[in-house]
Amino acid sequence: MNPRGLSVFENVKRFVRRALSSTPNQAWLRGEVWEGLHAATGDRIDAATILNSSAVWRCINLLSTAAGRLPIHHFVDVGNRRERLRGSDLEMLLNFRPNDMMSGVTMRELLVNDLLRYGNAIFRIERIGTRPARLVHWFPTRVRVEIESDELLYTYTDPDQRTTTVDAGEVWHVRNLSDDGVIGWSPVRFARESIGMDLASLRYGGAYYRNGAVPRVALRHPGNLSPQAEKNIRESWTRLYSGSNAHGTAVLDEGMEVQTIAAQSHADAQWLEGRKF
């Protein structure tokens, strides 16, 4: 391969080196963004749970699929202009067969998926001599980034707990918006409250329909009940008149009465409006 074909990776390496002066002594692609954050609703928001939101799933799927269809061209600087190297080894690698396990379309879909969920997409560059021969996907949560002797080092821990450490010139690291030019921000972190509201709305609707859309009720007993008696009545009522039995006929004894507890309507809560895209 023409040595100029390596310029794309060398340019990334030079850019990262320029950013070292503003980078902490040690930065992790692990941390609170990856381990999960809690929204005000109490929902745990992380790269896995956000996919339970149909809106988030649709956005990620749409953007990843669209990006997967786009080719990647290889350009080099020639004097004061840019020239495309058609059919170069690098262009073939990025577009058709980056490794033995995926096509170029799959790799580009995976790249955008990682960017949207983690803020970083990382591929290890495997070479034959100086020629890039394979791009191997590194899962972002398994990567640690460190600075040692003014060099940026990437350490990957595989599922068998084996580690591989390489410098920045041996990885292709695509970042989202960043405050240091080294580690990208995850959109999940900043959208967690919106996503949490969506997941809370789903949970509320599921609980409502699981109970047969029956309003909450209170049972009034004329006597004084022991804590154990209260527990028995509550469990018996729930077992007999909730879920698939919600519309069954209730039988009350010992002078008990049923009182409906006024609840905020779906209209007041704007639940249906909140489910619209």
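Quick caveat: nothing in here was measured; it's all calculated off a predicted structure.

## Some words on the overall build of the protein chain
- When helices and strands are tallied, the protein chain shows 10 helices and 13 strands.
- Across the 277 residues in the protein chain, those meeting the buried criterion constitute 36%.
- The contacts of the protein chain with a sequence gap of at least 6 include a subset with a gap of at least 24, amounting to 62%.
- Counting only carbon and sulfur atoms, one obtains 53% of the accessible surface of the protein chain, whose full area is about 16800 Å².

## Focus: the packing of aromatic side chains
- All chains considered together, the criterion is met by four aromatic pairs.
- Measuring from centroid to centroid gives 5.9 Å for phenylalanine 123 and tryptophan 172, while their planes differ by 35 degrees, and the two rings are tilted. Separated by 49 residues along the polypeptide, phenylalanine 123 in strand S6 (residues 120–128) and tryptophan 172 in strand S11 (residues 171–175) bring together distant segments of the chain.
- With a centroid separation of 5.6 Å and an interplanar angle of 65 degrees, the aromatic rings of tryptophan 185 and phenylalanine 190 are classed as edge-to-face.
- Classification of phenylalanine 190 by relative accessible area gives exposed; the value is 58%.

## Some details on the environment of leucine 94
- Summarising the element assignment, leucine 94 is placed in helix H4 (residues 89–95).
- Sequence spacing of leucine 94 and arginine 134 is 40 residues, and the spatial spacing of their C-alpha atoms is 9.2 Å.
- Those residues in contact with leucine 94 that lie beyond four places of it in its chain are Ile72, Gly104, Met107, Arg108, Leu135 and Trp172.

## What to know about helix H3 (residues 54–68)
- With 15 residues, H3 should cover 21 Å at 1.5 Å per step; its first-to-last C-alpha distance of 21 Å lies within 8% of that length.
- Within the span of H3, buried status applies to Val56, Ile60, Ser64, Ala67 and Gly68. Down the axis of H3, the buried set is contained in an arc of 105 degrees. They therefore lie on one face.

## Some thoughts on the pattern of salt bridges
- Scanning all chains against the criterion turns up 10 salt bridges.
- Between arginine 203 and aspartate 43 there is a salt bridge, and its shortest N-O distance comes to 2.5 Å. Residue arginine 203 is located in helix H7 (residues 192–210), and its partner aspartate 43 is located in the loop between strand S2 (37–38) and strand S3 (44–45); the two are separated by 160 residues in the primary sequence.
- Residue aspartate 43 is classed as buried on the basis of its relative accessible area of 11%.
- For the salt bridge of arginine 162 with aspartate 160, the shortest nitrogen-to-oxygen distance reads 3.3 Å.
- The class of arginine 162 is exposed, set by a relative accessible area of 53%.
- A single network of salt bridges, built from pairs that share partners, joins Asp158, Asp160 and Arg162.

## What about the side chain of serine 64?
- Note that serine 64 resides in helix H3.
- From its side chain, serine 64 meets the backbone nitrogen of asparagine 113 in a polar contact 3.5 Å long.
- Not counting residues within four places of it along the chain, the set of residues in contact with serine 64 comprises Glu109, Val112 and Asn113.

## Describing the confidence of the model for the protein chain
- Per-residue confidence for the protein chain gives a mean pLDDT of 78; residues scoring 70 or more make up 74%.
- Taking the mean pLDDT of every element in the protein chain, the minimum, 45, falls on strand S1 (residues 26–28) and the maximum, 94, on helix H5 (residues 104–118).
- In this model residues 1–6 is a low-confidence stretch, pLDDT under 50, and it forms 15 contacts with partners more than four residues away in sequence or in other chains.
- Of the regions scoring below 50 in pLDDT, residues 19–28 engages in 25 contacts with residues more than four places distant in sequence or in other chains.

## Quick look at the sheet that holds S6
- Pairing in this open sheet of three strands is antiparallel, and the strands run S7-S6-S11 from one edge to the other. Each edge of the sheet is formed by a strand with only one pairing partner; in this case those strands are strand S7 (131–138) and S11. Looking at each pair of strands side by side, their axes are set apart by 25 degrees on average, direction ignored.
- Bridge count for S6 against S7 is seven bridges, and the pairing is antiparallel. The residue bridging arginine 124 from the neighbouring strand is valine 136, located in S7.
- The strands touched by H5 are S6, S7 and S11; relative to S6, the strand with the most contacts, the crossing angle is about 140 degrees.

## Quick notes on a nonpolar patch on the surface
- Residues Leu177, Trp185 and Phe190 make up a contiguous nonpolar surface patch of about 340 Å² in total accessible area.
- Note on placement: tryptophan 185 falls in the loop between S11 and helix H6 (187–190).

Cut-offs and rules
Residues numbered from 1 in each chain as written. Predicted model: local features only at pLDDT ≥ 70, side-chain atom pairs only at ≥ 80, totals over all residues. Heavy atoms only, no water. Helix = DSSP H or I, 4+ residues; strand = E, 2+ residues; numbered from the N terminus. Buried < 20%, exposed > 50% of the residue type's maximum accessible area, 1.4 Å probe, protein only. Contact = heavy atoms within 4.5 Å. Areas by Shrake-Rupley, 256 points an atom, 1.4 Å probe, with all protein chains shown as cover. Phe/Tyr/Trp six-rings, centres within 6.5 Å; stacked < 30°, edge-to-face > 60°. Expected span 1.5 Å × (residues − 1). Arc of directions from axis to C-beta. Salt bridge = Lys/Arg side-chain N within 4 Å of Asp/Glu carboxyl O. Polar contact = N/O pair within 3.5 Å; in protein donor to acceptor, adjacent residues only side chain to side chain. pLDDT = per-residue confidence, 0-100. Pairing = 2+ DSSP bridges. Axes fitted to C-alpha atoms, helices over the stretch in contact; angles between N-to-C directions. Patch = residues over 30% accessible without salt bridge, like charges linked within 9 Å, V, L, I, M, F, W, Y side chains within 5 Å.

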